Amino acid sequence: MSHTEYLDMFIEESQEHIQAINVHLLELEKQPKDETIIGEIFRSAHTMKGMAGTMGYDDLTNVTHALENVLDQMREKTRLADAETMDVLLEAADIAEEIVENIASGGDGKKDIKAITAKLLGKSTQSETALKTEKTKSLAMDWNEYDQAVIAQSVDSGMQAYTIQVVLEEHAMLKAARAYMVFEALEADGYVIKSVPEASDIEAERFDNEFTVAVVTAAAKEEVVSRIASISEIGEVLAEEIELGSKTENRESSEKPTVPVEKETSAPERKRADTNKTIRVNIDRLDKLMNLFEELVIDRGRLERISEEIRSSELTETVERMSRTTGSLQEIILHMRMVPVDQVFSRFPKMVRSLSRDLGKQIELEVIGAETELDRSIIDEIGDPLVHLIRNSIDHGIEMPEKRRQNGKPEEGHVELRAYHSGNHVYIEIEDDGGGIDRERVLKKAVENEVIAAEDADALTDYDIHQFIFSAGFSTVDKVTDLSGRGVGLDVVKNTFESLGGVISVHSEKGKGTKFSIQLPLTLSIIDVMLVDVGQEHYGLPLTSIVETASIKSDSIFYVHKRKMIDFRGNIIPVMFLEDVFEVPVAREWDRENYSVVVVHKGEKMAALVVDSFISQQDVVLKSLGHYLRDVRAISGATILGDGNVALIVDTNALL
């Protein structure tokens, strides 16, 4: 049977279950006696096992089955959640993840799992057979007076009462549907009195692979067992007759109720449960929807331009209403593409645990704001850079326990990863309480690498010096290891964030710690810009980069080291003429006395960009320049304006 049509769903759900297993395993390590956490891990492993079995991935099925066995032993109190067991469970989760990644990349999901399954089963104190025997050796249930009266009345009327345990096959899918068929078979000539777990839990699939029911029926025990066993994916059926002891005493001590036609616990309700209001949508469909909406935004701009020229009240009113509608539509579509950063953050606790052990350090990772949302296209890109920054904090930042103790710090280092919204941006910060950045060592390396001239070093602030660590090939580590010293690192991190329209900065205090701060836009596709004229060309400056617009006199410009500068509110900042930056031909008969400037910033750096005039502020669709023009300096893309002209969007980060 071909399962190709379900492959994407299988991969996506398996990745979610593996993520949940990793998160809960780390929680279990801190709270080893919490049975709720064990239950959550068991459910994820059990579901994965069933899906893998259905799809025919035997190695994944066997790994999750062995993982499930260990968790079952932990629930039965025959195995402890000690350090050795947790290491093996995390290793098994890694193996499962590798198999799923292999399947996602087009592989067959095959892997040598003998070593990990041997580790998982190595400390077992009970065989699977013994566990099964222990589970099924008794079918006794607890009866209240009402249950006893109903059973006694039914037996007196010539019916039989049985306790029946139903065990589904290991790889059974749609467990609730199988349970429904069992109840339907039992109610063909009888009715169910009671079930363990309760009917509502069975209907919601909140049970493992077995359930027990008490039934009153006119059929013989063998017939009931045969009827249930014939149902697909039923592995085992055990039945025994119910014996209540002194039936007469029970009958005399309670009223004889009439046999109920329907009871709350008689069977899973046939009515439909509340529909889940969440659906899975392929990201490609959302991309197509976004592309269509972008075209709509361009057409909206053209209509607004036409409306201004024609000056028809009806057209103006219609365009205004259309603008409001598309504005609401834009907000909905952008929110549809938003996903929580937890999709990235969830991988880090396990990574920190592993690295801290490898390095012999004690490190606690605290995650704050994992529910903060970002556009899916940005989420897909920030994972690897964040991995590098966290590894940097663990390797370079946090000191060894002995050194921390000597410096009066707790032996356990602390790394805090947090995300939060602020305006139209999301900020992600990684802060550690380690040794901080050695100013003199960085400055010495910067001079050696000719990043800066030695004579200019004294004029630099601590902030300026700290930014040198983002220079290409920069590393202060003398010894090359698996984590450090290869000269390939923070420059790539910086370039990645800036390609997303973001800004990264670092603040550090020697002996106290370091904080990396990343500012990211909420989305990359539709942005607010200030449109300006330079000669006969139009440019767009992102509003998020603009401090303010102003008009300055030509005599306020002065030179510092042959660079044009102005005094802007007490800060000396450079002046950049966009006509010179982009080589725009501008014909003038005389020099201007006043200049229109846009003051932009990148972190703490600012500059004044000289333009000819301001046009307007508006939402624009950011379009790529394509493969042939992707290396154009300080241009991040282009947009089509309402009059059909093209405006280039200035990358102010690259410009600064």
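**Brief notes about the overall build of the protein**
The helix and strand inventory of the protein stands at 22 helices and 22 strands. The buried share of the protein, taken over its 656 residues, is 44%. Taking as baseline every contact in the protein between residues at least 6 positions apart, the subset at least 24 positions apart corresponds to 71%. Surface accessibility of the protein: about 35,300 Å² in total, with carbon and sulfur atoms responsible for 48%.

**A word on the nonpolar core**
Burial of nonpolar side chains together is a common tendency in soluble globular proteins. Counting 48 residues, the largest nonpolar core has F345, F348, I382, L386, L389 and I428 as the members making the most contacts within it. Per-element accounting of this core gives the leading share, eight residues, to helix α16 (residues 376-397). Setting aside residues no more than four positions away along its own chain, L386 makes contact with V344, F345, F348, I428, I430, F497 and I518. One finds F10, M48, A81 and I116 within the second-largest nonpolar core, a separate group that totals 39 residues.

**Some thoughts on the packing of aromatic side chains**
This model, assessed by the stated rule, comprises eight aromatic pairs. With 6.3 Å between their ring centres and 75 degrees between their planes, F470 and F516 make a pair best called edge-to-face. With a gap of 46 residues between them, F470 in the loop between α19 (462-466) and α20 (490-499) and F516 in strand β11 (residues 513-521) connect regions that are remote in the sequence. Its relative accessible area of 6% is what places F470 among the buried residues. Of the residues examined, F516 reaches a relative accessible area of 1% and is grouped as buried. A cation over an aromatic ring shows up here: R75 above the ring of F42, its NZ or CZ 3.9 Å from the ring centre. The side chain of K175 reaches across the aromatic face of F207, ending 4.9 Å from its centre.

**Overview of the sheet that holds strand β12 (residues 526-534)**
In space, the five strands of this open sheet follow the order β20-β12-β13-β22-β21, with mixed pairing throughout. Each having just a single partner strand, β20 (613-621) and β21 (635-640) make up the two edges of the open sheet. Neighbour-to-neighbour, the strand axes of this sheet turn through a mean angle of 35 degrees, independent of strand direction. Pairing between β12 and strand β13 (residues 537-542): six bridges, direction antiparallel.

**Focus on the sheet that holds strand β17 (residues 571-577)**
In spatial order, the strands read β14-β18-β19-β17-β16-β15; together these six strands make up an open sheet with mixed pairing. Only two strands of the sheet have a single neighbouring strand rather than two, namely β14 (546-553) and β15 (558-560). Within the sheet, the average angular offset between the axes of one strand and its neighbour, ignoring direction, is 40 degrees. Strand direction decides the pairing type here: β14 and strand β18 (residues 594-602), joined by seven bridges, are antiparallel. Within the sheet, the bridge partner assigned to A550 lies in β18 and is V597.

**Quick word on a nonpolar patch on the surface**
Judged by side-chain polarity, L289, I332 and M336 come together as a nonpolar surface patch covering roughly 260 Å² of accessible area. Its place among the elements puts L289 in helix α12 (residues 283-310). With relative accessibility at 32%, the residue L289 sits in the partly exposed group.

**Here we look at the pattern of salt bridges**
Per the stated rule, a full pass over the model turns up 33 salt bridges. The partner of E429 in a salt bridge is R418, and the shortest N-O contact between them spans 2.6 Å. Separated by 11 residues along the polypeptide, E429 in strand β9 (residues 425-432) and R418 in strand β8 (residues 412-422) bring together distant segments of the chain. Using a relative accessible area of 8% as the deciding quantity, one classes E429 as buried.

**Brief notes about unusual backbone geometry**
P197 follows V196 through a cis peptide bond whose omega is 0 degrees. Turning to its location among the elements, P197 is positioned in the loop between β2 (190-196) and α9 (199-203). A positive phi angle, near 50 degrees, is found at R569, a position not held by glycine. Here R569 is to be found in the loop between β16 (563-568) and β17. Exposure remark for R569: the relative accessible area of 64% places this residue in the exposed category.

**Remarks on the side chain of T212**
In this fold, T212 is placed in strand β3 (residues 210-217). Exposure remark for T212: the relative accessible area of 14% places this residue in the buried category. Each residue touching T212, except ones within four places of it in the same chain, is listed here: M141, T163, I164, Q165, K194, S195 and V196.

**Some details on helix α2 (residues 35-55)**
With 21 residues, α2 should cover 30 Å at 1.5 Å per step; its first-to-last C-alpha distance of 30 Å lies within 8% of that length. One side-chain oxygen at the N-terminal end of α2 lies 2.9 Å from the backbone nitrogen of T36; it belongs to D34.

**Some thoughts on helix α4 (residues 83-104)**
Under the 1.5 Å per step criterion, the end-to-end length of α4 is 31 Å for 22 residues, consistent within 8% with the ideal 32 Å. Residues T85, M86, V88, L89, L90, A92, A93, I95, A96, I99, V100 and I103 constitute the buried set of α4. Directly beyond the C-terminal end of α4, a positive phi value near 95 degrees is found at G106.

**Some thoughts on the side chain of S545**
Examined against the element boundaries, S545 turns out to sit in the loop between β13 and β14. S545 has contacts with V599, V600, H601 and T652, leaving out every residue within four places of it along the chain.

**Points about the confidence of the model for the protein**
Taken residue by residue, the protein gives an average pLDDT of 82. The fraction at 70 or more is 88%. Predicted confidence is poor over residues 124-138, with pLDDT under 50, and the contacts of this stretch with residues over four places away or in other chains come to 16 contacts. Contacts of residues 246-275 to residues separated by more than four positions or lying in other chains number 37 contacts, the stretch itself having pLDDT below 50.

Criteria and cut-off values
Residues numbered from 1 in each chain as written. Predicted model: local features only at pLDDT ≥ 70, side-chain atom pairs only at ≥ 80, totals over all residues. Heavy atoms only, no water. Helix = DSSP H or I, 4+ residues; strand = E, 2+ residues; numbered from the N terminus. Buried < 20%, exposed > 50% of the residue type's maximum accessible area, 1.4 Å probe, protein only. Contact = heavy atoms within 4.5 Å. Areas by Shrake-Rupley, 256 points an atom, 1.4 Å probe, with all protein chains shown as cover. Core = buried A, V, L, I, M, F, W, Y, C linked by side-chain atoms within 4.5 Å. Phe/Tyr/Trp six-rings, centres within 6.5 Å; stacked < 30°, edge-to-face > 60°. Lys NZ or Arg CZ within 6 Å of the ring centre and 35° of its normal. Pairing = 2+ DSSP bridges. Axes fitted to C-alpha atoms, helices over the stretch in contact; angles between N-to-C directions. Patch = residues over 30% accessible without salt bridge, like charges linked within 9 Å, V, L, I, M, F, W, Y side chains within 5 Å. Salt bridge = Lys/Arg side-chain N within 4 Å of Asp/Glu carboxyl O. Expected span 1.5 Å × (residues − 1). Polar contact = N/O pair within 3.5 Å; in protein donor to acceptor, adjacent residues only side chain to side chain. pLDDT = per-residue confidence, 0-100.

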